[in-house]
Amino acid sequence: LRRPFNVTADVSHTDVWTFRTVRPGKNRHPCEKPLAMMEDIIRASSRPGAIVLDPFMGSGVTGEAAANLGRRFIGMEMDPTYFKGASEKLEATVAAATP
């Protein structure tokens, strides 16, 4: 098995990222990543139907990006509050994506 790196000439990938940061706020994880950034990472490094693992799931943005892109997701989070919020977000994302 080879690891995919799905970058084309249509997408300019550099070593400088210009994604807007996630603003801090009530009920926000302190290390939350932008959804667009996680989608770019997942799109470039996996194929549709692949399993994405996030052992530090936090707010669940990685799982949301995986679901948006047709990937399966396994997430782990030791903080019960963040796990509950991420699980609810992921259930809603999957339900919205299911026809």
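Residues numbered from 1 in each chain as written. Predicted model: local features only at pLDDT ≥ 70, side-chain atom pairs only at ≥ 80, totals over all residues. Heavy atoms only, no water.

## Comments concerning the confidence of the model for the protein chain
Detail in the predicted coordinates should be disregarded across regions flagged by low pLDDT.
Point 1. Counting all residues, the mean pLDDT for the protein chain is 85, and 84% of those residues have values of 70 or more.
Point 2. Mean pLDDT values over the elements of the protein chain span from 90, in helix 3 (residues 80–97), up to 97, in strand 1 (residues 51–54). (pLDDT = per-residue confidence, 0-100. Helix = DSSP H or I, 4+ residues; strand = E, 2+ residues; numbered from the N terminus.)

## Thoughts on the packing of helix 1 (residues 35–45) against helix 2 (residues 61–68)
Point 1. For the pair helix 1 and helix 2, interaxial distance at closest approach is 9 Å and the crossing angle is 55 degrees. Considering their axes alone, helix 1 and helix 2 lie oblique with respect to each other. The two elements helix 1 and helix 2 meet at a crossing, and its hand is right-handed. Contact with helix 1, carried on its side by Leu 35, Met 38, Glu 39 and Ile 42, involves Val 61, Thr 62, Glu 64, Ala 65, Ala 66 and Asn 68 of helix 2 and no other residues of that element. (Axes fitted to C-alpha atoms, helices over the stretch in contact; angles between N-to-C directions. Parallel < 35°, antiparallel > 145°, perpendicular 65-115°, else oblique. Left-handed = near helix turned anticlockwise from the far one by under 90°. Contact = heavy atoms within 4.5 Å.)

## Thoughts on the packing of helix 2 against helix 3
Point 1. Between helix 2 and helix 3, whose axes approach to 9 Å, the crossing angle comes to 10 degrees. The orientation of helix 2 relative to helix 3 falls into the category roughly parallel. Of the residues in helix 3, those touching helix 2 at Val 61, Gly 63, Glu 64, Ala 67 and Asn 68 are Lys 89, Leu 90, Thr 93 and Val 94.
Point 2. Residues that form the contact of helix 2 with helix 3 fall into these classes: 4 nonpolar, 3 polar and 2 charged. (Nonpolar A, V, L, I, M, F, W, Y, C, P; charged D, E, K, R; others polar.)

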